[in-house]
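# Commentary on secondary and tertiary structure
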Amino acid sequence: MSDRRTKKSAARLYAVQALFQMEASGQTAEAVETEFEDHRFGTEYFEGEEMAEGDSSLFRKLVGDAVNHQAKIDQMTDRALVAKWPINRIDPTLRALFRAAGAELVEAKTPPKVVIVEFVDIAKAFFPEGREPKFVNAVLDHMAREARPEAF
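Summarised in this report is the structure supplied together with it. (Residues numbered from 1 in each chain as written. Predicted model: local features only at pLDDT ≥ 70, side-chain atom pairs only at ≥ 80, totals over all residues. Heavy atoms only, no water.)

On to the overall build of the protein. Summing up its helical and strand segments, the protein has 7 helices and 2 strands in all. Starting at the N terminus and ending at the C terminus, the protein contains elements arranged as α-α-β-β-α-α-α-α-α. At 15 Å, the protein has a C-alpha radius of gyration in line with the 15 Å of a compact globule built from 152 residues. Overall size of the protein, expressed as C-alpha extent along the three principal axes, is 45 × 35 × 30 Å. Within the span of the protein, comprising 152 residues, buried residues form 42% of the whole. Across the protein, contacts joining residues at least 24 apart in sequence account for 65% of those joining residues at least 6 apart. Of the charged side chains in the protein, 21 are positive and 26 negative, and the gap between their average positions amounts to 9 Å. (Helix = DSSP H or I, 4+ residues; strand = E, 2+ residues; numbered from the N terminus. Rg over C-alpha atoms; globule rule 2.2 N^0.38 Å. Buried < 20%, exposed > 50% of the residue type's maximum accessible area, 1.4 Å probe, protein only. Contact = heavy atoms within 4.5 Å. Lys, Arg positive; Asp, Glu negative; His and termini not counted. Charge placed at Lys NZ, Arg CZ, Asp CG, Glu CD.)

This part covers the nonpolar core. In terms of nonpolar packing, the biggest core is built from 43 residues, with Phe59, Leu97, Phe98, Phe119, Leu140 and Met143 touching the most fellow members. For this core, the secondary-structure elements that each account for two or more residues are α1 (3–25), α2 (29–39), α3 (56–68), α4 (70–80), α5 (92–107), α6 (112–126) and α7 (132–147). Among all residues touching Met143, those that are not within four sequence positions of it are Ile73, Met76, Thr77, Ala80, Phe98, Gly102 and Leu105. (Core = buried A, V, L, I, M, F, W, Y, C linked by side-chain atoms within 4.5 Å.)

This part covers the packing of aromatic side chains. With the rule as written, the count across this model stands at 5 aromatic pairs. Where Tyr14 meets Phe36, the ring centres are 6.1 Å apart and the plane angle is 65°; that geometry is what we call edge-to-face. Residue Tyr14 is found in helix α1, and its partner Phe36 is found in helix α2; the two are separated by 22 residues along the sequence. Phe36 carries the same exposure label as Tyr14, and that label is buried. (Phe/Tyr/Trp six-rings, centres within 6.5 Å; stacked < 30°, edge-to-face > 60°.)

In this structure the tally under the stated criterion is 15 salt bridges. In this structure, Glu23 engages Arg99 in a salt bridge whose closest nitrogen and oxygen atoms are separated by 3.2 Å. Separated by 76 residues along the polypeptide, Glu23 in helix α1 and Arg99 in helix α5 bring together distant segments of the chain. Of the residues examined, Arg99 reaches a relative accessible area of 12% and is grouped as buried. The partner of Arg60 in a salt bridge is Glu37, with the nearest N and O atoms 2.8 Å apart. Remark: Glu37 occurs in helix α2 and Arg60 occurs in helix α3; sequence separation between them is 23 residues. Linked by salt bridges that have partners in common, Arg5, Arg12, Glu104 and Glu118 make up one network. (Salt bridge = Lys/Arg side-chain N within 4 Å of Asp/Glu carboxyl O.)

Quick look at the structure:
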């Protein structure tokens, strides 16, 4: 995987974590973005294990767009979810993931299939044993077809 692609993948993961942290702690986007860039991007955390360097501009774009377009993204997510499971009833990690992915689907030029693969991989990292990655794939496919029908 190229260095550029690795940085973009890391930025997506960090965006999910940042959105989760914002919801859990009530911190502002600006405060969380600064914390991530100063203390997580490329930081060594123990015995030579390092956090990946993230693409800062993609990270900030995803977090900003997720915040600025949250209502639109949440409504799109709700339409992709089963009626009995509105977005406010799902796992907060998945909610953050759907918001970050939704921001990229709505506001970026990244091909939707790339967005889906990247965020399904993030779901696999958070839920390695669960059914969540398949669920994420189905929801994001629905969201992508709504946001960018011309790409299918």
